[in-house]
Amino acid sequence: MAHRMSGKAAICGLGMTEMGRVYRSATDLATEAVFLALKDAGLDKSQLDGLLINCGTTRNVNLGLHRSLGLKELNVLTFMQGFGSSAGQMIQYAAMAVDNGMADYICCVFADDPLKEGKRTGDAYAGGARPEALASLYPIYGFAGAIPMYAMGAQRHMDTYGTTQDQLGSIAIQQRQWAGMNENATKREPLDLDSYHASPWVVEPFHVLDCCLVSNGGVAVIVTSAERARDMAQPPVYIRGFAQAHNHDVGQGGHDPLLEGPGLKAGPRALSMADAKLEDVTQCQIYDCYTYTVLVTLEDYGFCEKGEGGAFVEDGKLGPEGSLPTNTGGGELSSFYMWGMTPITEGVIQGRGQGGERQCPNDLILVTGNGGVLNYHATLLLSPEAA
Amino acid sequence: MSDETWIPQPSEETQPFFDGAKEGKLRLQACGDCNAWFFPLVHICQNCGSTNLSWQDASGRGTVYSWAQLQRPYHPRHRDRLPLILAQIDIEEGARLNSNVVGVEPENLKVGDAVEVTFEQFDDGGVLPVFKPV
Ligand SMILES: [Zn+2]
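Report follows, based on the coordinates.

Here is what the cut-offs are and how they apply
- Residues numbered from 1 in each chain as written.
- Chains lettered and ligands numbered in written order.
- Predicted model: local features only at pLDDT ≥ 70, side-chain atom pairs only at ≥ 80, totals over all residues.
- Heavy atoms only, no water.
- Contact = heavy atoms within 4.5 Å.
- Buried area = accessible area lost by both parts, 1.4 Å probe.
- Salt bridge = Lys/Arg side-chain N within 4 Å of Asp/Glu carboxyl O.
- Polar contact = N/O pair within 3.5 Å; in protein donor to acceptor, adjacent residues only side chain to side chain.
- Helix = DSSP H or I, 4+ residues; strand = E, 2+ residues; numbered from the N terminus.
- Nonpolar A, V, L, I, M, F, W, Y, C, P; charged D, E, K, R; others polar.
- Patch = residues over 30% accessible without salt bridge, like charges linked within 9 Å, V, L, I, M, F, W, Y side chains within 5 Å.
- Areas by Shrake-Rupley, 256 points an atom, 1.4 Å probe, with all protein chains shown as cover.
- Buried < 20%, exposed > 50% of the residue type's maximum accessible area, 1.4 Å probe, protein only.
- Phe/Tyr/Trp six-rings, centres within 6.5 Å; stacked < 30°, edge-to-face > 60°.
- Lys NZ or Arg CZ within 6 Å of the ring centre and 35° of its normal.
- Pairing = 2+ DSSP bridges.
- Donors = N, O, S within 2.8 Å, 3.2 Å for Na, K, Ca; no water.
- Tetrahedral: all angles 85-135°; square planar, octahedral: opposite > 155°, others 65-115°.
- 1 Å grid on protein atoms, 1.4 Å probe; cavity = no way out; pocket = protein on both sides within 12 Å on 5 of 7 lines; lining within 4 Å.
- Points joined across faces, edges and corners; volume = space filled by probe spheres on them.
- Axes fitted to C-alpha atoms, helices over the stretch in contact; angles between N-to-C directions.

Notes on the interface of chain A and chain B
Turning to step 1, where the next piece is worked out: With 39 residues of chain A in contact, the opposing surface of chain B contributes 43 residues.
Turning to step 2, where the next piece is worked out: Counting each side, the surface lost to burial between chain A and chain B is near 3300 Å², with a carbon and sulfur contribution of 58%.
Turning to step 3, where the next piece is worked out: On the chain A side of the interface with chain B, the three residues burying the most area are Leu134(A), Ile140(A) and Tyr141(A), jointly 24% of the side's total.
Turning to step 4, where the next piece is worked out: Our count for the chain A to chain B interface comes out at zero salt bridges.
Turning to step 5, where the next piece is worked out: At the surface where chain A touches chain B, the tally comes to 23 residue pairs in polar contact (both at pLDDT 80 or more).
Turning to step 6, where the next piece is worked out: Of all the secondary structure elements, the ones that give two or more residues to the side of chain A that touches chain B are helix 4 (138–141), helix 5 (147–161) and strand 5 (201–204) of chain A.
Turning to step 7, where the next piece is worked out: For the side of chain A that touches chain B, the element with the highest residue contribution is helix 5 of chain A, accounting for eight residues.
Turning to step 8, where the next piece is worked out: Partitioning the side of chain A that touches chain B into residue classes produces 24 nonpolar, nine polar and six charged.

A word on a nonpolar patch on the surface
Residue and element names in this part refer to chain A.
Turning to step 1, where the next piece is worked out: Together, Leu 63, Leu 77 and Phe 79 make up an exposed nonpolar region whose accessible area comes to about 230 Å².
Turning to step 2, where the next piece is worked out: Relative to the helices and strands, Leu 63 is located in the loop between strand 2 (50–55) and helix 2 (65–68).
Turning to step 3, where the next piece is worked out: Looking at Leu 63, the relative accessible area reads 43%, which means it is partly exposed.

Section: the packing of aromatic side chains
Turning to step 1, where the next piece is worked out: Per the counting criterion, the structure on display carries nine aromatic pairs over all chains.
Turning to step 2, where the next piece is worked out: Geometrically, the ring pair formed by Tyr138(A) and Phe143(A) is tilted, given 6.3 Å between the ring centres and 55 degrees between the ring planes. Like Tyr138(A), the residue Phe143(A) is buried in the burial classification.
Turning to step 3, where the next piece is worked out: With a centroid separation of 6.1 Å and 65 degrees between ring planes, the pair formed by Tyr138(A) and Phe39(B) is classed as edge-to-face. With Tyr138(A) in helix 4 and Phe39(B) in the loop between strand 2 (37–38) and strand 3 (53–57), this residue pair bridges two chains.
Turning to step 4, where the next piece is worked out: Ring pairing ties together the aromatic residues Tyr138(A), Phe143(A), Phe17(B), Phe18(B) and Phe39(B), which thus form one cluster.
Turning to step 5, where the next piece is worked out: For the cation-ring pair, Lys317(A) lies above Phe312(A), with the distance from its terminal atom to the ring centre recorded as 4.0 Å.
Turning to step 6, where the next piece is worked out: Sitting over the ring of Tyr65(B), Arg96(B) keeps its end group 3.6 Å from the ring centre.

A word on the environment of Lys39(A)
All names here are of chain A.
Turning to step 1, where the next piece is worked out: With respect to the helices and strands, the residue Lys 39 is situated in helix 1 (residues 26–41).
Turning to step 2, where the next piece is worked out: Owing to a relative accessible area of 72%, Lys 39 belongs among the exposed residues under this scheme.
Turning to step 3, where the next piece is worked out: Sequence separation between Lys 39 and Ala 233 is 194 residues, and the spatial gap between their C-alpha atoms is 9.1 Å.

A closer look at the pairing of strand 7 (residues 217–225) of chain A
Residues and elements named next belong to chain A.
Turning to step 1, where the next piece is worked out: Burial of strand 7 is extensive: nine of the nine residues sit out of reach of the surface.
Turning to step 2, where the next piece is worked out: Alignment of strand 1 (residues 9–16) against strand 7, held across seven bridges, turns out to be antiparallel. When the sheet's bridge partners are listed, Ile 11 is paired in strand 7 with Val 223.
Turning to step 3, where the next piece is worked out: Here strand 4 (residues 105–112) pairs with strand 7 via eight bridges, running antiparallel. Each bridged residue has a counterpart across the sheet, and for Cys 107 the counterpart in strand 7 is Ile 222.

Digging into unusual backbone geometry
Backbone phi values are negative for most residues with the exception of glycine, while trans is the configuration of most peptide bonds.
Turning to step 1, where the next piece is worked out: The omega torsion across Glu204(A) and Pro205(A) is 20 degrees, close enough to zero to call that bond cis.
Turning to step 2, where the next piece is worked out: Here the residue pair Phe39(B) and Pro40(B) is connected by a cis peptide bond, since its omega of -5 degrees sits within 30 degrees of zero.
Turning to step 3, where the next piece is worked out: Tracing the chain through its elements places Pro40(B) in the loop between strand 2 and strand 3.
Turning to step 4, where the next piece is worked out: At Arg59(A), a residue that is not glycine, the phi angle is positive and equals roughly 60 degrees.

Considerations on the coordination of the zinc ion
All names here are of chain B.
Turning to step 1, where the next piece is worked out: Coordination sphere of the zinc ion, protein contribution only: Cys 31 (SG), Cys 34 (SG), Cys 45 (SG) and Cys 48 (SG), at 2.3 Å.
Turning to step 2, where the next piece is worked out: The coordination sphere of the zinc ion comprises four donor atoms, whose angles at the metal cover 103 to 117 degrees; the geometry is tetrahedral.
Turning to step 3, where the next piece is worked out: Ordering the donors of the zinc ion by residue number gives the pattern C-x2-C-x10-C-x2-C. One end of the pair, Cys 34, is in the loop between strand 1 (27–31) and strand 2; the other, Cys 48, is in the loop between strand 2 and strand 3, and 14 residues separate them in sequence.

Looking at empty space enclosed by the protein
Turning to step 1, where the next piece is worked out: Evaluated as defined, the whole model comprises three cavities of 30 Å³ or more.
Turning to step 2, where the next piece is worked out: Computed from the structure, the largest cavity encloses a volume of approximately 40 Å³.
Turning to step 3, where the next piece is worked out: Considering the residues around the largest cavity, the lining is formed by Tyr141(A), Phe17(B), Leu26(B), Phe39(B), Leu97(B), Asn98(B), Ser99(B), Pro129(B) and Phe131(B).
Turning to step 4, where the next piece is worked out: Elements supplying a minimum of two residues to the lining of the largest cavity: strand 6 (96–100) and strand 8 (127–133) of chain B.

Remarks on the sheet that holds strand 9 (residues 283–285) of chain A
The pairing of strands in a sheet comes from backbone hydrogen bonds and takes either a parallel or an antiparallel form.
Residue and element names in this part refer to chain A.
Turning to step 1, where the next piece is worked out: Here we have nine strands laid out as an open sheet, ordered 3-2-4-7-1-8-11-10-9, and mixed in their pairing. If you trace the sheet from one side to the other, it starts and ends with strand 3 (76–79) and strand 9, each paired once. Direction aside, neighbouring strands of the sheet carry axes that sit 25 degrees apart on average.
Turning to step 2, where the next piece is worked out: Taken together, the two bridges between strand 1 and strand 8 (residues 237–246) define a ladder with antiparallel strand orientation. Paired with Ala 10 across the strands is Tyr 238, a residue of strand 8.
Turning to step 3, where the next piece is worked out: In the packing of helix 10 (residues 291–301) onto the sheet, contacts are made with strand 9, strand 10 (365–371) and strand 11 (376–383), and the angle to strand 10 comes to roughly 120 degrees.
Turning to step 4, where the next piece is worked out: The sheet contacts of helix 13 (residues 341–352) involve strand 1, strand 4, strand 7, strand 8, strand 9, strand 10 and strand 11, and relative to strand 1 the element is tilted by about 115 degrees.

Everything listed here is a matter of coordinates, which is why it stays silent on function.
Okay, structure coming up:
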């Protein structure tokens, strides 16, 4: 039997600004995203009584967003941070809050503005020296940002299980195929293995094309009760199951955080809430900061055995002709990078049946959010049916 | 080798780490109550909450948990030595350290390989602990 929260809340509004080299402040992008979500949901601003806020890398959105939005009164308001798992987390807390009657319509919003006019993409996340003297050795060793750690995850997978560079590349290629069907995707030109291998190395085994895009933009998602969602402007997308799990790398051996992510724990809990089995999942929207993140997350959820992810993805099953359509908008690798909002936006579009030529069976959509280095994780199971 | 100053200025708290490196020792903090070892600096044992921490010389031996190859320099030390091998090393004492593996070609390195500490000397007097295959 499904958990009592299953199908009790739904997503009724989605607002997405222009993505990419949009040189506006994250606060302005967040503000616009909320207004777009209200319009999409057919709601008047006065009906919005909850706001959950998350900012990205630049931290240029804060609690004061309610002022930018002219929201004089709210019943629920907070700023949240769980990195790439934040978006999924916000929707989970919003679902529980509307179910408990704390608020009727809660908007979850994210925006980021790392790209600056006249600066290269590669400089977007530069700077930010670590203040503590011993940790300040890390950049001298060559550790900065997330890329070295995820690259080490991929290398550990390769050394342990024989995973190949072509298999990582196949993930980038399949997502690019999807992006070709998404007019809002940043990178749409077809990609093959030759061009993947020709892409410059960043931290080997990662080419540039193994890494997500860098994007400016804002996304807002409005959550309400299942009852309210039934008679609104957009088809409701019900939240059938959710869970979180968080693994912390505390600088000690004896565990394997690069091969075993928190999705291992979150997946079964979310499925249990929905009273569903993994085989019921008809499509995946997987957080894909790197190609390897997709591979290890699919393993963590049990779509294949641990270690078999390379062979699992290589046959094209994630792509447009595949049996497990995954990241059908192009994902963070090819569409745009809005942290956990990227997979959620596509989950909502697909859940509404508004995917156009890329629409896939949407009976049960697995959406994952991932932050840190496979540390912070949020799972959502979305569906056009409440039960 | 670059002669640019690269080493962080040791603070009173971190001086033992840098003194140890100059003496050819991997000197780290260890908890006197539960024997957990740490890098970088802690003030409270992450394992048991004790403040009974002291600087101890580790064996310097460990294994490669994972590794990758830095292919783009962003620090003076990285120039002329790409690919630089980044690695997480599980030292015998239990901590997992971010470091480099030197003295090996990437095609000859594998997860699980045994390594030991070695020290890289810089023109400005700085010394950096790194690891090499045993
Ligand atoms: Zn202790």
